[in-house]
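Residue-level structure breakdown
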Amino acid sequence: MIFVSETKISVISSDDLTNAFPVDHSFVVPADRNSGGLWLMSTNEMDLTVAMSSPNYVLAFGVHNPTNMFNLLCIYGDPTHQASTTIWREATNFIVQRSHRPTFLYR
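Note that the structure is predicted; figures quoted are calculated from it, not measured.

1. Thoughts on the overall build of the chain
- Each helix and strand counted, the chain has 2 helices and 7 strands in total.
- In the chain, the succession of α and β elements from N to C terminus is β-α-β-β-β-β-β-α-β.
- Over its C-alpha atoms the chain spans a radius of gyration of 14 Å, differing by no more than 12% from the 13 Å that the globule rule assigns to 107 residues.
- Burial analysis of the chain (107 residues in total) assigns 34% to the buried set.
- About 6600 Å² of surface is accessible on the chain, with carbon and sulfur atoms providing 53% of the total.
- Averaged over its 6 positive side-chain charges, the chain has a centre that lies 11 Å from the centre of its 9 negative ones.

If you want it as structure tokens, here you go:
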């Protein structure tokens, strides 16, 4: 699993990334003007389902094999901090609703 943030200011294209790593699936939150952009990439070994996304996060749940289920939070914080409260409230609600699973956070 690979999470990349701030893709808009990167000189690396999505094709460069997907060709550089052995990934089978990707989920993209497009950049907003000249900032942001999120990419979540995974292989067939990982079954990821994106539950929610925004310019600041991707919230997903995954299965590595039938007995290893988990929550995944990929957070790109709001540089102006205007949306920080909303981001963390939505992430917390996501975790609480699935509290029976371990949670991984990429930040």
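2. Considerations on the side chain of Asn71
- Tracing the backbone through its elements, the reader meets Asn71 in strand S6 (residues 69-75).
- Look past the residues within four positions of Asn71 in its chain and what remains in contact with it is Ala60, Phe61, Phe94, Ile95, Arg98, Arg101, Pro102, Thr103 and Phe104.

3. A few points about the packing of aromatic side chains
- Inspection of the entire model under this criterion finds 2 aromatic pairs.
- Ring centres of Phe3 and Tyr106 lie 6.5 Å apart, and the angle between their planes is 45 degrees; this geometry places the pair in the tilted category. Here Phe3, found in strand S1 (residues 2-5), pairs with Tyr106, found in strand S7 (residues 103-106); they are 103 residues apart in sequence, far enough to count as distant.
- For Phe3, a relative accessible area of 15% gives the class buried.
- With a relative accessible area of 31%, Tyr106 lands in the partly exposed category.
- Ring centres 5.6 Å apart and planes at 85 degrees place the aromatic pair Phe70 and Phe104 in the edge-to-face group. Of the two residues, Phe70 sits in strand S6 while Phe104 sits in strand S7, which places them 34 residues apart along the sequence.

4. Some details on the pairing of strand S5 (residues 57-63)
- Within S5, 5 of the 7 residues are buried, which leaves it mostly tucked inside the rest of the structure.
- Pairing analysis gives 7 bridges linking strand S4 (residues 47-54) to S5, with the strands arranged antiparallel. Counted as the bridge partner of Asp47 is Val63 from S5.
- Turn length for the S4-S5 hairpin, with the two strands adjacent in sequence and antiparallel, is 2 residues.
- Sheet analysis places S5 next to S6, joined by 7 bridges and oriented antiparallel. By the bridge assignment for S6, Gly62 is matched with Phe70.
- In this structure, the hairpin formed by S5 and S6 is closed by a connection of 5 residues.

5. Points about the environment of Leu38
- Relative to the helices and strands, Leu38 resides in strand S3 (residues 38-42).
- Leu38 sits in the buried class, given a relative accessible area of 0%.

What counts and what doesn't
- Residues numbered from 1 in each chain as written.
- Predicted model: local features only at pLDDT ≥ 70, side-chain atom pairs only at ≥ 80, totals over all residues.
- Heavy atoms only, no water.
- Helix = DSSP H or I, 4+ residues; strand = E, 2+ residues; numbered from the N terminus.
- Rg over C-alpha atoms; globule rule 2.2 N^0.38 Å.
- Buried < 20%, exposed > 50% of the residue type's maximum accessible area, 1.4 Å probe, protein only.
- Areas by Shrake-Rupley, 256 points an atom, 1.4 Å probe, with all protein chains shown as cover.
- Lys, Arg positive; Asp, Glu negative; His and termini not counted.
- Charge placed at Lys NZ, Arg CZ, Asp CG, Glu CD.
- Contact = heavy atoms within 4.5 Å.
- Phe/Tyr/Trp six-rings, centres within 6.5 Å; stacked < 30°, edge-to-face > 60°.
- Pairing = 2+ DSSP bridges.

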